[in-house]
2 protein chains.
Amino acid sequence: MAKGKARLSIVPLGGVGEIGKNMTLYWYGNDMLVVDAGLKFPEEDMLGIDIVIPDITFLVENRDKLRGIFLTHGHEDHIGGLPYILRELNVPVYGTRLTLGLVENKLREHGLLDTAKLIAIDGNSKVQAGVFDVSLFYVNHSIPDTAGFAIETPEGVVIHTGDFKFDQTPVDGRHAEIHKLAAYGQRGVLALVGDSTNAERPGYTPSELSVGEKINEIVGNAPGRVIMSTFASNIHRLQLMIRAAEKHGRKVAVVGRSMVNNIQTSLQLGYLEALPETIIDADDVNRVDPEKLVILSTGSQGEPMSALTRMARAAHRKIEIMPGDTVVLASSPIPGNEKYVSRTIDQLFRAGANVIYRGVHASGHGSQEELKWMLSLVKPKFFLPVHGEFRMQRTHANLAIDVGVDPDNIFITELGDVVEFENGRARLGGKVPAGAVMIDGLGVGDVGNIVLRDRKLLSQDGILVVVVTLSKSTGHILSGPDIISRGFVYVRESEALLEEANKLVESTLVKLVTDNVSEWSSLKTAVRDALGRFLYEQTRRRPMILPIIMEA
Amino acid sequence: MAKGKARLSIVPLGGVGEIGKNMTLYWYGNDMLVVDAGLKFPEEDMLGIDIVIPDITFLVENRDKLRGIFLTHGHEDHIGGLPYILRELNVPVYGTRLTLGLVENKLREHGLLDTAKLIAIDGNSKVQAGVFDVSLFYVNHSIPDTAGFAIETPEGVVIHTGDFKFDQTPVDGRHAEIHKLAAYGQRGVLALVGDSTNAERPGYTPSELSVGEKINEIVGNAPGRVIMSTFASNIHRLQLMIRAAEKHGRKVAVVGRSMVNNIQTSLQLGYLEALPETIIDADDVNRVDPEKLVILSTGSQGEPMSALTRMARAAHRKIEIMPGDTVVLASSPIPGNEKYVSRTIDQLFRAGANVIYRGVHASGHGSQEELKWMLSLVKPKFFLPVHGEFRMQRTHANLAIDVGVDPDNIFITELGDVVEFENGRARLGGKVPAGAVMIDGLGVGDVGNIVLRDRKLLSQDGILVVVVTLSKSTGHILSGPDIISRGFVYVRESEALLEEANKLVESTLVKLVTDNVSEWSSLKTAVRDALGRFLYEQTRRRPMILPIIMEA
């Protein structure tokens with residue numbers, strides 16, 4: 001294992017071989033810094049789990065070396081894990097103004113705001129973090145104030161792209177800083193650590209402005225109210241929606257907690273512009289003529305408790321969908337959410353709305369052509385495709401080879417892989433502890449594989465609890481057996497089955513007791529086996545069987 | 001409620017407001033016939049459920065009227081429910097040869113083949129089913145021998161499209177019978193009951209032949225083995241794969257039970273053609289040079305136990321993925337399967353294969369232009385868009401309006417809706433029982449909402465079983481309380497929590513017993529409340545709590 005004495009190590013602790021919980025460790029000697037601290041949403045089989053964060057065991061072991069956490073932008077998969085990490089490692093956190101604005105809200109909720117050290121940086125900043133010098137370059141993305149980092153190390157400069165696209169007609173007028181990238185490329189860049197999200201997509205990602213044109217057209221043609229939903233963090237798109245409303249003489253109301261919060265924060269910090277009379281209170285929507293109203297709402301992903309989903313179910317306190325409404329889902333379903341989105345769309349149609357749910361979206365990530373532009377501008381010697389599942393990393397690597405990067409200088413990393421750079425050479429040096437920590441309620445990491453396996457079993461065929469009380473002296477049955485089932489069968493219809501099961505358990509126990517078998521584990525195993533076999537024969541189902549023996 | 005004396009009723013019993021379990025009832029007086037008897041795969045929240053079939057309560061109540069079941073084609077969402085229906089209503093089943101061939105396999109597995117009455121029909125058949133005269137017209141689809149039905153009734157002809165596309169260059173040379181449709185249209189059609197699956201898709205669906213061109217190109221360029229996966233029922237595509245193999249001098253091996261079965265059945269019945277030496281045994285794959293081999297495999301949907309998924313996991317007995325392999329997923333993920341497919345693709349890439357998973361597919365359903373062609377050919381007076389979720393039905397209805405159907409003559413039905421036709425007029429007449437029946441293991445319909453709700457609860461935060469034995473005479477605690485948890489927390493790490501929980505339960509019970517509360521329901525409620533509150537405060541989790549009281 002590399003001791004990191006005179007070499008640079010780059011270690012992905014999250015976001016490779018997966019989408020989500022991004023975190024990359026940069027390490028040189030006694031200095032470490034981390035880029036991003038994201039969360040990931042649980043997989044389907046992570047039953048009952050709320051969120052997943054990176055396993056930071058290695059950082060905690062090396063807490064004395066960690067100089068700071070640098071955040072590229074305010075999306076959950078880049079800042080969502082920060083509260084859990086700051087609880088254990090209270091190091092300075094660097095980020096752009098909007099990013100830190102969103103981080104503050106989060107830390108406040110976790111009661112960590114008072115002790116956190118948040119330092120705002122911008123395009124002119126140069127931060128010394130131990131032996132590292134960190135500057136940022138702005139890029140375009142689906143949230144404003146997104147940056148990548150240029151990390152100067154004794155081995156050379158590393159360009160960490162973060163999430164990016166190149167939008168030549170950016171909504172906020174801030175272009176990606178391609179001249180900075182070109183200058184770094186000219187001087188010589190050691191390594192590029194690059195966003196692979198859209199590596200499978202050929203061509204270019206359209207500008208956000210193209211979405212604005214569609215929004216404008218829809219608002220212009222809508223006969224009645226327009227209810228628009230998008231990601232609450234996509235301030236650019238919300239800006240386009242506000243502009244379209246103003247252009248067509250419509251007021252704007254906002255519903256949905258995250259939408260209200262984000263718009264408030266953005267207006268305060270100057271990332272969003274609206275004329276003073278444009279935004280009205282959601283309570284006043286019924287005082288405005290329908291054709292003079294735009295409602296911005298959460299729910300573009302069909303999230304069950306979001307405003308739009310509740311409107312669709314006729315369960316929203318303030319707003320009811322009416323025929324004549326135009327509802328726009330200005331988004332694309334995140335993989336895994338397709339069914340939730342479809343369900344919401346169906347309900348909106350049933351409620352009589354005209355629903356537009358295709359074609360009003362542009363990705364926040366560059367497609368193949370932009371990825372090749374980044375590689376060409378930066379001209380890195382080494383390349384680490386990150387922020388993606390394996391096939392995206394693999395495809396991104398192939399693009400790099402096409403552009404001219406030496407295949408041997410490309411590392412498709414897994415979590416915990418240590419890529420070491422020394423004297424102009426690079427190699428895979430070993431592994432550090434890395435992985436996932438599951439958070440369920442207040443518990444961090446206390447739900448492991450066994451608990452998940454049990455939840456899975458329980459979810460399939462339920463549970464049968466078999467209770468019996470044995471005499472302490474004789475070992476004979478004093479009470480029971482009683483069988484209680486949950487999630488197995490509908491008891492009223494299955495009385496005969498459960499009665500037979502009960503008799504089977506009784507006879508099994510009586511026989512063993514008669515044979516003088518008193519060891520509880522043997523009794524339980526016998527009951528579990530006999531009952532399991534019987535139930536499977538009768539029902540082809542395998543409920544969990546929990547034999548409980550009491551003594552009295 | 002209509003008595004159906006002198007009117008025609010069309011009643012969707014499955015396949016509207018949903019994709020899957022298609023079944024449509026045609027009813028005139030004392031005669032009924034049903035088109036299709038499909039199954040549907042369970043939704044995400046139907047934990048532990050295997051399949052879902054239509055609720056046939058109404059058919060069973062009217063069993064003396066049912067003259068036959070007519071099957072449009074052999075896909076599961078059209079024939080998968082048949083065994084469960086035939087168990088209760090053993091009526092004649094009509095279908096094309098391949099369709100019945102696939103039905104036979106199914107009925108054999110259910111032990112129903114001997115008693116079933118299966119009658120093969122073709123393009124020249126005319127079946128009298130009570131007052132109905134039923135003929136078929138061939139259409140194109142992603143399985144051969146697919147037909148729609150022309151149902152002649154005293155009120156007029158109803159055209160039931162079934163699943164269809166119009167493929168102008170069909171792989172098996174059998175064109176859709178557009179001249180029949182034109183003739184019906186000319187004579188006058190009362191109603192069209194039409195497939196809405198792709199109603200949201202503008203334009204045309206490409207011919208299956210275009211997929212053949214891509215397959216040919218891939219096989220021609222592949223440096224080593226080609227492993228191709230598609231739906232095992234897509235015989236047309238399998239034919240294209242076999243042709244491509246033969247054209248490039250390659251042998252074909254087949255893996256995966258449903259693939260082997262379908263290919264065998266199709267070869268026997270003449271729906272698939274292969275030269276005698278083309279297909280080799282899967283056990284012989286290692287005796288053939290890699291560049292002379294094509295392997296056809298199940299698993300295009302990432303199904304966990306399918307051949308390709310097991311190969312990707314290095315868990316297949318006969319075949320191991322090797323660098324140099326070209327793996328083709330000639331399919332598109334069915335909504336809901338996207339994550340399983342992505343996972344398989346990642347694993348295949350990791351194993352060193354070149355994976356092609358986009359662009360080698362054409363839908364089996366017509367897009368908007370084909371749907372408009374069907375409407376124009378048939379020129380129905382009334383229109384029922386079916387086979388789709390609400391937004392697809394709604395969009396299909398809009399297409400019909402564009403083509404010229406009177407909006408008042410269009411019925412977007414829900415399950416059980418009765419559309420009545422009388423003297424050239426139509427209306428929504430009422431509702432009959434309809435819905436879903438869930439099948440879990442051997443149980444049909446015995447898993448209802450309560451069981452599902454319990455499984456859902458169990459899957460989220462697990463269960464705590466609290467057992468105590470009370471004295472029959474004094475009511476005091478003889479043994480316990482013991483707390484056993486499953487799926488809640490990892491016990492070894494949470495001892496303190498569970499100990500405290502235990503003490504809480506004990507003190508709660510002691511207090512009640514001292515106050516002479518002996519009613520078990522009160523005791524259980526008190527334990528459940530106290531424990532639930534405590535656990536939520538400590539963990540923010542809500543496991544199911546099951547208090548059990550024994551007496552001795």
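About the thresholds
- Residues numbered from 1 in each chain as written.
- Chains lettered and ligands numbered in written order.
- Predicted model: local features only at pLDDT ≥ 70, side-chain atom pairs only at ≥ 80, totals over all residues.
- Heavy atoms only, no water.
- UniProt positions renumbered as here; feature names shortened; annotations may be inferred.
- Helix = DSSP H or I, 4+ residues; strand = E, 2+ residues; numbered from the N terminus.
- Contact = heavy atoms within 4.5 Å.
- Salt bridge = Lys/Arg side-chain N within 4 Å of Asp/Glu carboxyl O.
- Nonpolar A, V, L, I, M, F, W, Y, C, P; charged D, E, K, R; others polar.
- Phe/Tyr/Trp six-rings, centres within 6.5 Å; stacked < 30°, edge-to-face > 60°.
- Buried < 20%, exposed > 50% of the residue type's maximum accessible area, 1.4 Å probe, protein only.
- Lys NZ or Arg CZ within 6 Å of the ring centre and 35° of its normal.
- Expected span 1.5 Å × (residues − 1).
- Axes fitted to C-alpha atoms, helices over the stretch in contact; angles between N-to-C directions.
- Parallel < 35°, antiparallel > 145°, perpendicular 65-115°, else oblique.
- 1 Å grid on protein atoms, 1.4 Å probe; cavity = no way out; pocket = protein on both sides within 12 Å on 5 of 7 lines; lining within 4 Å.
- Points joined across faces, edges and corners; volume = space filled by probe spheres on them.
- Pairing = 2+ DSSP bridges.
- Least-squares fit on C-alpha atoms with pLDDT ≥ 70 in both.
- Patch = residues over 30% accessible without salt bridge, like charges linked within 9 Å, V, L, I, M, F, W, Y side chains within 5 Å.
- Areas by Shrake-Rupley, 256 points an atom, 1.4 Å probe, with all protein chains shown as cover.
- Lys, Arg positive; Asp, Glu negative; His and termini not counted.
- Charge placed at Lys NZ, Arg CZ, Asp CG, Glu CD.
- Polar contact = N/O pair within 3.5 Å; in protein donor to acceptor, adjacent residues only side chain to side chain.

- Under the annotation held in an unreviewed UniProt entry, chain A carries the name Ribonuclease J and is attributed to Alicyclobacillus fastidiosus.
- For chain A, the Sequence similarities (unreviewed entry) comment in UniProt is given as "Belongs to the metallo-beta-lactamase superfamily. RNA-metabolizing metallo-beta-lactamase-like family. Bacterial RNase J subfamily."
- Looking at chain A in UniProt, the text filed under Subcellular location (unreviewed entry) is "Cytoplasm".

1. Looking at the environment of Leu107 of chain A
All names here are of chain A.
Argument step 1. With respect to the secondary-structure elements, Leu107 resides in helix H4 (residues 97-109).
Argument step 2. Once the C-alpha coordinates of Leu107 and Leu86 are considered, the two residues, 21 residues apart in sequence, prove to be 9.2 Å apart.
Argument step 3. Setting aside chain neighbours within four positions, we find Leu107 in contact with Pro83, Leu86, Leu112, Leu113, Ala116 and Leu118.

2. What to know about the interface of chain A and chain B
Argument step 1. Every contact between the two is made by 67 residues of chain A and, on the other side, 67 residues of chain B.
Argument step 2. Seen at the junction of chain A and chain B, the total is twelve salt bridges.
Argument step 3. Across the salt bridge formed by Glu414 of chain A and Arg350 of chain B, the nearest N and O atoms sit 3.2 Å from each other.
Argument step 4. When residues in the side of chain A that touches chain B are grouped by element, the largest group, nine residues, is from helix H10 (residues 338-350) of chain A.
Argument step 5. Of the residues assigned to the side of chain A that touches chain B, the class counts are 26 nonpolar, 16 polar and 25 charged.

3. Quick look at the packing of aromatic side chains
Argument step 1. One pass over the full model with this rule turns up twelve aromatic pairs over all chains.
Argument step 2. With a centroid separation of 5.5 Å and 65 degrees between ring planes, the pair formed by Trp27 of chain A and Phe58 of chain A is classed as edge-to-face. Of this pair, Trp27 of chain A sits in strand S2 (residues 23-28) while Phe58 of chain A sits in helix H1 (residues 57-61), and the two are 31 residues apart along the sequence. Summarising the burial analysis for this pair, Trp27 of chain A and Phe58 of chain A share the class buried.
Argument step 3. Between Phe70 of chain A and Tyr94 of chain A the ring centres are 4.6 Å apart and the planes differ by 15 degrees, which places this aromatic pair in the stacked class. One end of the pair, Phe70 of chain A, is in strand S5 (residues 66-70); the other, Tyr94 of chain A, is in strand S6 (residues 93-95), and 24 residues separate them in sequence.
Argument step 4. Classification of Phe70 of chain A by relative accessible area gives buried; the value is 0%.
Argument step 5. Residue class for Tyr94 of chain A comes out buried when judged on its relative accessible area of 10%.
Argument step 6. Taken together, the ring pairs in this structure connect Phe70, Tyr94 and Phe149 of chain A into an aromatic cluster.
Argument step 7. Here the basic side chain of Arg174 of chain B rests over the ring of Tyr138 of chain B, its NZ or CZ set 3.7 Å away from the ring centre.
Argument step 8. Lying over the aromatic face of Tyr536 of chain B, Arg542 of chain B brings its terminal NZ or CZ to 4.0 Å of the ring centre.

4. So, helix H14 (residues 495-514) of chain B
Residues and elements named next belong to chain B.
Argument step 1. Between its terminal C-alpha atoms H14 stretches 28 Å, which fits the 28 Å expected from 20 residues at 1.5 Å a residue.
Argument step 2. For H14, the elements touching its buried residues are strand S24 (463-470), strand S25 (477-486) and helix H15 (520-539).
Argument step 3. Just downstream of H14 lies Asn516, where phi reads positive at about 65 degrees.

5. Overview of the packing of helix H12 (residues 390-403) of chain A against helix H10 (residues 338-350) of chain B
Argument step 1. Contact geometry of H12 of chain A with H10 of chain B gives a least axis separation of 8 Å together with a crossing angle of 50 degrees. Viewed along their axes, H12 of chain A and H10 of chain B adopt a mutual orientation that is oblique. Across the interface between the two elements, Phe390, Arg391 and Arg394 of chain A of H12 of chain A pack against Ser342, Ile345, Asp346, Phe349 and Arg350 of chain B of H10 of chain B.

6. With respect to empty space enclosed by the protein
Residue and element names in this part refer to chain A.
Argument step 1. Considering all chains together, one arrives at eight cavities of 30 Å³ or more under this definition.
Argument step 2. Considered as a void within the structure, the largest cavity measures approximately 160 Å³ in volume.
Argument step 3. Along its surface, the largest cavity is lined by 20 residues, and Asn140, His141, Ile143, Asp172 and His236 are the ones closest to its centre.
Argument step 4. Looking at side-chain class alone, the lining of the largest cavity contains six nonpolar, eight polar and six charged residues.

7. Brief notes about the UniProt feature "binding site: substrate" (unreviewed entry) in chain A
All names here are of chain A.
Argument step 1. With numbering aligned to this structure, UniProt lists the feature "binding site: substrate" (unreviewed entry) at His361, Ala362, Ser363, Gly364 and His365. Checking the named residues against the largest cavity, the ones that line it are Ala362, Ser363 and Gly364.
Argument step 2. Residue position: Ala362 is located in the loop between strand S18 (354-356) and helix H11 (368-378).
Argument step 3. Owing to a relative accessible area of 3%, Ala362 belongs among the buried residues under this scheme.

8. A few points about the sheet that holds strand S15 (residues 279-280) of chain B
Residue and element names in this part refer to chain B.
Argument step 1. Read across the open sheet, the six strands follow the order S15-S14-S16-S13-S17-S18; overall the sheet is parallel. Taken across any chain shown, the strands that pair with only one partner, and hence form the sheet edges, are S15 and strand S18 (354-356).
Argument step 2. Relative to S18, strand S17 (residues 326-329) runs parallel, the two being bridged by three bridges. Residue pairing in the sheet places Thr326 in a bridge with Asn354 of S18.
Argument step 3. Its contacts with the sheet put helix H6 (residues 208-221) on strand S13 (226-229), strand S16 (293-297), S17 and S18, and the angle it makes with S13 is roughly 155 degrees.
Argument step 4. Its contacts with the sheet place helix H8 (residues 257-269) against strand S14 (251-255), S15 and S16, and it is angled at close to 125 degrees to S14.

9. As for the environment of Phe231 of chain B
Residues and elements named next belong to chain B.
Argument step 1. Positionally, Phe231 belongs in the loop between S13 and helix H7 (235-247).
Argument step 2. On the basis of relative accessible area, Phe231 is assigned to the partly exposed category, the value being 25%.
Argument step 3. Taking the C-alpha atoms as reference points, Phe231 and Gly299, 68 residues apart in sequence, are found 7.9 Å from one another.
Argument step 4. The contact partners of Phe231, leaving out residues within four places of it in the chain, are Ser300, Gln301, Ser331, Ser332 and Ile334.

10. A word on the sheet that holds S25 of chain B
All names here are of chain B.
Argument step 1. The mixed open sheet is built from three strands, whose spatial order is S25-S24-S26. The open sheet is flanked by S25 and strand S26 (544-551), the only strands paired with a single partner. Strand-to-strand twist across the sheet, computed as the mean angle between neighbouring axes with direction ignored, equals 15 degrees.
Argument step 2. Summarising the sheet, S24 and S25 pair through seven bridges and their orientation is antiparallel.

11. Points about the relation of the copies chain A and chain B
Between the two copies of this chain, the relationship is a rotation about some axis together with a displacement along it.
Argument step 1. Mapping chain A onto chain B leaves a residual RMSD of 0.1 Å; the transformation is a rotation of 180 degrees accompanied by 0.1 Å of translation along its axis. The transformation relating the two chain copies, once decomposed into turn and shift, fits a two-fold axis. Ranked by how close their C-alpha atoms come to the rotation axis, the residues of chain A are headed by Ser459 of chain A, at 2.4 Å.
Argument step 2. When the interface residues of chain A are mapped onto chain B, 100% of them again lie at the interface, so the same face is used by both copies.

12. Comments concerning a negative patch on the surface
Argument step 1. The grouping of Glu44 and Asp45 of chain A together with Glu44 and Asp45 of chain B at the surface amounts to a negative patch.
Argument step 2. You can see Asp45 of chain A is positioned in the loop between strand S3 (31-35) and strand S4 (51-54).
Argument step 3. Residue Asp45 of chain A is classed as partly exposed on the basis of its relative accessible area, which comes to 40%.

13. Thoughts on the side chain of Ser471 of chain A
Residue and element names in this part refer to chain A.
Argument step 1. Checked against the element boundaries, Ser471 lands in the loop between strand S24 (463-470) and strand S25 (477-486).
Argument step 2. A polar contact is formed between the side chain of Ser471 and the backbone nitrogen of Thr474, at a distance of 3.1 Å.
Argument step 3. Aside from chain neighbours lying at most four places away, what touches Ser471 is His476, Leu478 and Ala552.

14. A few points about the environment of Leu504 of chain B
Residue and element names in this part refer to chain B.
Argument step 1. In this structure, Leu504 sits in helix H14.
Argument step 2. Since its relative accessible area comes to 24%, Leu504 is described here as partly exposed.
Argument step 3. Those residues in contact with Leu504 that lie beyond four places of it in its chain are Ala530, Leu531 and Phe534.

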